[in-house]
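Secondary and tertiary structure notes
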Amino acid sequence: MSAMDFVYNLLVALHLLGMAAVVGGWIAVRSGRTVIAPIVWGARAQLVTGLALVGIAEAINDADHTVNHAKIAVKLVVAIVVLAAAEMGAARGRKGKDTGNLLDIAGGAAVVNVLVAAIW
Ligand code: HEM
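Reading the values: the criteria
The numbers attached to residues start from 1 for each chain and follow its sequence in the written order. Side-chain atom pairs in this predicted model are given and counted only at pLDDT of 80 or more, local residue features only at pLDDT of at least 70, and totals for whole chains, interfaces and linings cover all residues. Think of the side-chain values as coming from all heavy atoms in the structure, minus any hydrogens and water. The rule for donors is simple: an N, O or S atom within 2.8 Å of the metal counts, and for Na, K and Ca the reach is 3.2 Å. Water is not among the atoms, so a site may look short of donors. Irregular is the default label, applied whenever a site is not tetrahedral (four donors, all angles between 85 and 135 degrees) and neither square planar nor octahedral (four or six donors, opposite donors over 155 degrees apart, all other angles between 65 and 115). For helices the rule is a DSSP run of H or I covering at least 4 residues; for strands it is a run of E covering at least 2, with both sets numbered from the N terminus onward. Classification of residues uses two cut-offs on accessible area relative to the type maximum, computed with a 1.4 Å probe and protein chains only: under 20% is buried, over 50% is exposed, and between them is partly exposed. Under the convention used throughout, the expected extent of a helix is 1.5 Å for every residue step, that is, one less than its residue count. Identification of polar contacts relies on pairs of N or O atoms within 3.5 Å, with a donor-acceptor requirement for protein atoms, meaning one able to donate a hydrogen and the other able to accept it, and with residues adjacent in sequence counted only if both atoms are side-chain atoms. Side-chain atoms within 4.5 Å are what join buried Ala, Val, Leu, Ile, Met, Phe, Trp, Tyr and Cys residues into a set we call a nonpolar core. Should any heavy atoms of two residues lie within 4.5 Å, those residues are considered in contact. UniProt positions are given in the numbering used here, feature names are shortened, and annotations may be inferred rather than shown by experiment.

Labelled according to an unreviewed UniProt entry, the protein appears under the name Integral membrane protein, originating from Terrabacter aerolatus.

Right, dumping it as structure tokens:
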């Protein structure tokens, strides 16, 4: 395995752990409305690791690393929804305000991205 492949695979692992933080955090909070810190950090990590994965895949550009641009565009928009809902929910929580549906929007949109990643 080349050094680049190692870095890429490490990013895939971080990408999966970020997903675990968002979806696992959502499940852990269950019927609550508090956007806990791991959800926010996981949402940030998904954007950073996802964009880095695309960058490296474009640079390597062999049979193992192809980029489906339509799929990535959808994942990017959905990930921004996850992050926006998580950041807004956490900020409202810090101020003691009601977080409305922001927790479920963040968690639900993250699950949408898992489905897009796995099925598209
Ligand atoms: C909440 C946000 C996100 C979630 C839950 C998520 C989830 C996942 C999951 C579960 C996989 C593994 C699928 C597989 O191995 O086939 C994956 C792979 C991937 N994701 Fe995401 N993702 C998110 C955001 C993003 C973003 C924003 C980008 C890029 C802009 C991105 C780019 C990628 C790429 C390139 C892969 C392929 C890695 C590989 O080579 O296997 N993801 N994502």
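Describing the coordination of the iron atom of the ligand
At this site the iron atom of the ligand is bound by H15 (NE2) and K75 (NZ), with donor distances of 1.8 to 2.0 Å. Coordination at the iron atom of the ligand is octahedral, judged from the six donor atoms that bind it and the angles of 80 to 179 degrees they form at the metal. Pair noted here: H15 is in helix 1 (residues 3–29) and K75 is in helix 3 (residues 69–94), with a separation of 60 residues, a long-range link. Here H15 and K75 have matching classes, each one buried.

A closer look at helix 3
In this model helix 3 runs 37 Å from its N-terminal to its C-terminal C-alpha over 26 residues, within 8% of the 38 Å that 1.5 Å per residue would give. Listed as buried for helix 3 are K71, K75, V78, A79, V82, L83, A85, A86, G89 and A90. Of the residues that open helix 3, the one with a side-chain oxygen 3.3 Å from the backbone nitrogen of A70 is N68. Count one or two residues on from helix 3 and you reach G96, which has phi positive near 75 degrees.

Considering the nonpolar core
Core analysis: the biggest nonpolar cluster contains 18 residues, and V22, V35, I39, A43, V82 and A86 have the highest contact counts within it. Broken down by secondary-structure element, the contributors of at least two residues to this core are helix 1, helix 2 (37–60), helix 3 and helix 4 (102–119). Considering each element in turn, this core owes the most residues, six residues, to helix 3. Apart from the residues within four sequence positions on either side, I39 is in contact with A21, V22, G25, W26, A86 and L103. Of all hydrophobic cores here, the second largest spans seven residues; its members include Y8, L11, V54 and V67.

Here's the deal with the UniProt feature "transmembrane region" (unreviewed entry) in the protein
Feature annotation in UniProt places "transmembrane region" (unreviewed entry) on residues 6–29, 41–60, 72–90 and 102–119, given in this structure's numbering. Between the first and last C-alpha atoms of residues 6–29 the distance is 34 Å; the span itself is 100% helix and 0% strand. Helix makes up 100% of residues 72–90 and strand 0%, whereas the separation of the span's terminal C-alpha atoms amounts to 26 Å.

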